[in-house]
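As a plain string of letters, each chain reads:
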Amino acid sequence: PSAVPEEWRGTKLVLLGPVAHEINESFLDLFPNSFLALSPQGWLRSWDNHGRVHPRFEPGLEKAFSRASTVIVSEEDLQGKAAALLPILKKLPMSIVTRGQKGATLYLKGQILDLPPRPAQTVDPTGAGDVFAAAFMVKYARTQDPVLSTQFAQVAASFSTEAPGLAGIPDREKVEDWVEAHALDLGLG
């Protein structure tokens, strides 16, 4: 935490996304006035001596999750022992479970909203969760609408899977045009 410059601590949007336990819970305290999203995949996995990744669950995560504005996890992250996090996510004011080509589930103040996906021809899903998280945060900061923001993020993430690497990441206009043209299909009309 001491490596985070003071001027960064007042930023409007913060996404913490540990990959391999390199971020600890003390980072959550650095941004008291920010919209803080947590994408905790790195806290939900461990590695064995052969480098194989295994899901894991640490009971203390509930306290960390409650300090974030939203928590975004993939269905993949909730396998095995990490499935114990689902009841915790349901209790938070806002959390999202992404489900790839099956859409996303938004948990919002006790409500469970299953939101449909944008059909995609997946070429490379790497990074789609990061695209989802970033797109959600930017849209939510502008609209304060969690449903619209989740749908916007799903569309952005789906486009990002249709080409390798960074080539598939769409610009905001492309995503907004698609959402507007398909608002009824997404339950936004």
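Structure report, in brief. (Residues numbered from 1 in each chain as written. Predicted model: local features only at pLDDT ≥ 70, side-chain atom pairs only at ≥ 80, totals over all residues. Heavy atoms only, no water.)

### Remarks on the packing of aromatic side chains
The line we're drawing: Pairing of aromatic rings covers Phe, Tyr and Trp, the last through its six-membered ring, and needs centres within 6.5 Å; plane angles under 30 degrees mean stacked, over 60 mean edge-to-face, and all others mean tilted. For the purposes of this entry, the term helix denotes a DSSP run of H or I that reaches at least four residues, the term strand denotes a run of E that reaches at least two, and both are numbered from the N terminus. Each residue is placed in one exposure class: buried if its accessible area under a 1.4 Å probe, protein chains only, is under 20% of its type's maximum, exposed if it is over 50%, and partly exposed if it falls in between. A ring is considered to have a charge above it if a Lys NZ or an Arg CZ atom is located within 6 Å of its centre and within 35 degrees of its normal.
On inspection of all chains with the given rule, the structure shows 2 aromatic pairs. Note on Phe 136 and Tyr 140: the rings are 5.6 Å apart at their centroids and 10° apart in plane angle, and the pair reads as stacked. Of this pair, Phe 136 and Tyr 140 both sit in helix α3 (residues 128–143), 4 residues apart, roughly one helical turn. What makes Phe 136 buried here is its relative accessible area of 0%. Every member of this aromatic cluster is reached through a ring pair, and the members are Phe 35, Phe 136 and Tyr 140. Its guanidinium or amino end placed over the ring of Trp 178, Arg 118 lies 5.7 Å from that ring's centre, counting from NZ or CZ. It is Lys 139 that lies over the ring of Phe 152; its NZ or CZ is 4.9 Å from the centre.

### Details of the environment of Val 138
Which entries qualify depends on this criterion: Should any heavy atoms of two residues lie within 4.5 Å, those residues are considered in contact.
Here Val 138 is to be found in helix α3. Val 138 has contacts with Leu 13 and Arg 172, leaving out every residue within four places of it along the chain.

### Here's the deal with the sheet that holds strand β2 (residues 35–38)
The criterion, for reference: Strand pairing is assigned whenever DSSP identifies at least 2 bridges connecting the two strands. A fitted line through C-alpha atoms serves as each axis, taken over the contacting stretch for helices, and the angle formed by two N-to-C directions is quoted from 0 to 180°.
Here 6 strands make up an open sheet; going across it, the order is β1-β2-β5-β6-β7-β8 and the pairing mixed. Lying at the two open borders of the sheet, with one neighbouring strand each, are β1 (13–16) and β8 (111–115). Neighbour-to-neighbour, the strand axes of this sheet turn through a mean angle of 15°, independent of strand direction. Two strands pair when backbone bridges link them, and strand β7 (residues 104–108) and β8 are joined in this way by 5 bridges, in the antiparallel orientation. Each bridged residue has a counterpart across the sheet, and for Tyr 107 the counterpart in β8 is Ile 112.

Shape is all these values report; function is a separate question.
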